[in-house]
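Given next are the chains, with one letter for each unit.
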Amino acid sequence: MVLPSHGTDPTGRWILVSVGGRTGWARRSVGESEMEVDAERGERKMLCLPCSSVHDRIGEDVTQFPVFRPADSFSAREGWMGNHVFLCNGKVMLGSDAPLFYITNALLLLSIALFFLFVIPRLTQCANNNAQPLDDTTIHCKPSMPMPIFYTSLISSLLSLYFLWKTATTDPGIIPPNSSPYRPPPPHDSIPSGGTIPINSGPAGYRYCSTCNIFRPPRSKHCNSCNVCVARFDHHCPWVGNCIGRRNHVIFFLFLCSVMVWCAMVMVGCGMVIREGLLKEIVGADGGGKEVAVLGDKLHKGHRDSFHPYPTFDYHMVLHVLTSLPIEVFLGLFSILCTWSLISLTFFHALLISLAQTTNERVRGVYQYGGVENPDDLGCWWNWKEVLCPRGAVESLLPKDFSEVATLPGGKEKESVWVGWRENESFVSLISPPGSNSNGNANY
């Protein structure tokens with residue numbers, strides 16, 4: 001962990017460090033010369049413990065406990081306070097639910113492999129049988145269309161994988177935290193600073209986040225999973241492992257559309273294979289060597305003037321077909337559940353885009369029951385145009401590459417005593433009066 005230091009206590013054994021808006025005292029590394037001086041003075045060693053229990057545990061050996069040491073350099077990901085997961089040495093940043101994101105990839109890849117290895121070949125075989133002429137032993141099934149299903153499935157599956165990774169690796173609009181023991185001043189466009197935007201006054205105003213130590217803009221929210229504030233926060237999606245916010249909401253919506261089409265194609269393809277199997281089982285049970293043809297929904301058997309629109313079959317026949325196609329049945333049932341859920345979720349987000357709202361605002365009923373007008377609602381047409389064709393790209397406030405290394409000049413210099421320290425105050429008192437801001441010259 002790399003934390004900024006704001007100075008030491010008068011003894012030089014403790015440093016004041018901050019993680020966003022959370023500030024506290026931590027044990028500082030002590031050199032051999034300093035330890036000798038302490039031994040000569042007969043001073044007792046202290047532990048790196050919470051402020052309330054520091055004085056209760058004096059006298060134990062501190063060499064058994066971790067301490068903070070000065071750093072000459074550090075990478076950007078080491079100083080990041082969010083709960084994100086970094087890949088490729090910090091070049092790729094995923095959200096806090098990266099394991100569930102991996103599971104989503106595994107499910108998607110598994111369904112793609114099973115569909116193209118088992119379902120598509122059976123559809124192709126049935127289409128080839130349909131091309132053969134009728135005779136006394138040939139079963140002619142209802143014409144199917146494997147090629148449109150094949151190409152639609154291929155395109156939708158590739159788009160699903162692309163938009164899944166794009167959503168997971170795109171910065172949703174994270175507002176960088178301010179790791180400092182001092183509360184920042186109000187934004188320049190807020191009412192206390194002479195602006196027009198209120199503070200802590202409904203969804204249209206700034207709100208102070210004590211965790212990130214920032215005034216987050218309107219419609220933003222702190223994500224407890226990722227431990228960061230996100231601009232225009234929609235929700236945290238565990239399946240993509242990332243927050244959905246201002247910068248990746250459109251990508252997430254396109255992911256929903258593509259994966260919905262993919263699941264629908266899997267459902268249709270598996271249904272066609274099971275249907276063909278049922279028709280063949282019915283014909284085999286009723287036919288023998290007589291001329292048999294299935295055209296649409298009518299079964300012709302024996303003479304041309306004899307129609308049997310509802311052929312006889314029992315549940316043993318259906319059970320035999322289902323057990324002979326386990327992969328198709330499994331994929332079909334799974335895709336039905338996924339398609340139903342994805343259709344509902346996709347249309348819900350389409351409604352949110354039409355109303356210029358977020359999931360967080362819709363669930364909380366901010367504009368329905370709060371009597372607050374939505375200033376971003378320009379009408380259905382303009383809302384969609386603003387989302388799909390924005391007037392300007394929203395730049396990310398994060399480093400482009402978290403593998404970048406920051407070098408600190410003079411990182412080994414002796415650190416100064418924090419100006420907020422007072423001899424008559426305990427470790428619990430951390431905040432000094434306004435105007436006494438001072439930063440130490442070392443990072444830990």
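The model shown is predicted, which means the values in this text are computed figures rather than measured ones.

## Some remarks on the overall build of the protein chain
Along the backbone of the protein chain there are eight helices and 17 strands. The burial tally for the protein chain puts 41% of its 444 residues in the buried class. Long-range contacts, defined here as pairs at least 24 residues apart, represent 63% of the contacts in the protein chain between residues at least 6 apart. Here the protein chain displays about 24,200 Å² of accessible surface, and carbon together with sulfur accounts for 61% of that area.

## Comments concerning the packing of helix H6 (residues 326-355) against helix H8 (residues 380-388)
Interhelical geometry of H6 versus H8 gives an angle of 105° and a closest axis separation of 7 Å. Taken together, H6 and H8 sit at an angle that is classed as roughly perpendicular. The segment H6 lies against H8, with Ala350, Ile353, Ser354 and Leu355 engaging Cys380, Asn383, Trp384 and Val387. Of the residues that constitute the contact of H6 with H8, the class distribution is six nonpolar, two polar and no charged.

## Topic: the layout of surface pockets
Put simply, the largest pocket is a space of about 690 Å³. What lines the largest pocket is a set of 23 residues, among which Arg232, Arg246, Glu386, Val387 and Pro390 lie closest to the centre. Listing elements by their share of the lining of the largest pocket, those giving two or more residues are helix H4 (249-286), H6 and H8. It is H8 that provides the largest number of residues to the lining of the largest pocket, a total of three residues. When grouped by side-chain class, the residues that make up the lining of the largest pocket number nine nonpolar, seven polar and seven charged. A volume near 540 Å³ is recorded for the second largest pocket. Around the second largest pocket, the lining comprises 21 residues; the ones closest to its centre are Thr104, Trp239, Val259, Cys338 and Leu342. At the level of secondary structure, the elements contributing two or more residues to the lining of the second largest pocket comprise helix H2 (98-130), strand E12 (235-237), H4 and H6. In the lining of the second largest pocket, the residues fall into 16 nonpolar, five polar and no charged.

## Things to note about unusual backbone geometry
Its identity is not glycine, yet asparagine 89 carries a phi of approximately 60°, on the positive side. On the secondary structure map, asparagine 89 appears in the loop between strand E5 (85-87) and strand E6 (92-94).

## Notes on the sheet that holds strand E2 (residues 14-19)
Backbone-to-backbone hydrogen bonds pair the strands of a sheet. The strands run either parallel or antiparallel. Read across the open sheet, the three strands follow the order E1-E2-E3; overall the sheet is antiparallel. The two strands at the open ends of the sheet, each matched to only one other strand, are strand E1 (5-8) and strand E3 (22-27). Direction aside, neighbouring strands of the sheet carry axes that sit 25° apart on average. As paired elements, E1 and E2 share two bridges and run antiparallel to each other. Looking at E2, one finds that serine 5 is bridged to valine 17.

Rules used throughout
- Residues numbered from 1 in each chain as written.
- Predicted model: local features only at pLDDT ≥ 70, side-chain atom pairs only at ≥ 80, totals over all residues.
- Heavy atoms only, no water.
- Helix = DSSP H or I, 4+ residues; strand = E, 2+ residues; numbered from the N terminus.
- Buried < 20%, exposed > 50% of the residue type's maximum accessible area, 1.4 Å probe, protein only.
- Contact = heavy atoms within 4.5 Å.
- Areas by Shrake-Rupley, 256 points an atom, 1.4 Å probe, with all protein chains shown as cover.
- Axes fitted to C-alpha atoms, helices over the stretch in contact; angles between N-to-C directions.
- Parallel < 35°, antiparallel > 145°, perpendicular 65-115°, else oblique.
- Nonpolar A, V, L, I, M, F, W, Y, C, P; charged D, E, K, R; others polar.
- 1 Å grid on protein atoms, 1.4 Å probe; cavity = no way out; pocket = protein on both sides within 12 Å on 5 of 7 lines; lining within 4 Å.
- Points joined across faces, edges and corners; volume = space filled by probe spheres on them.
- Pairing = 2+ DSSP bridges.

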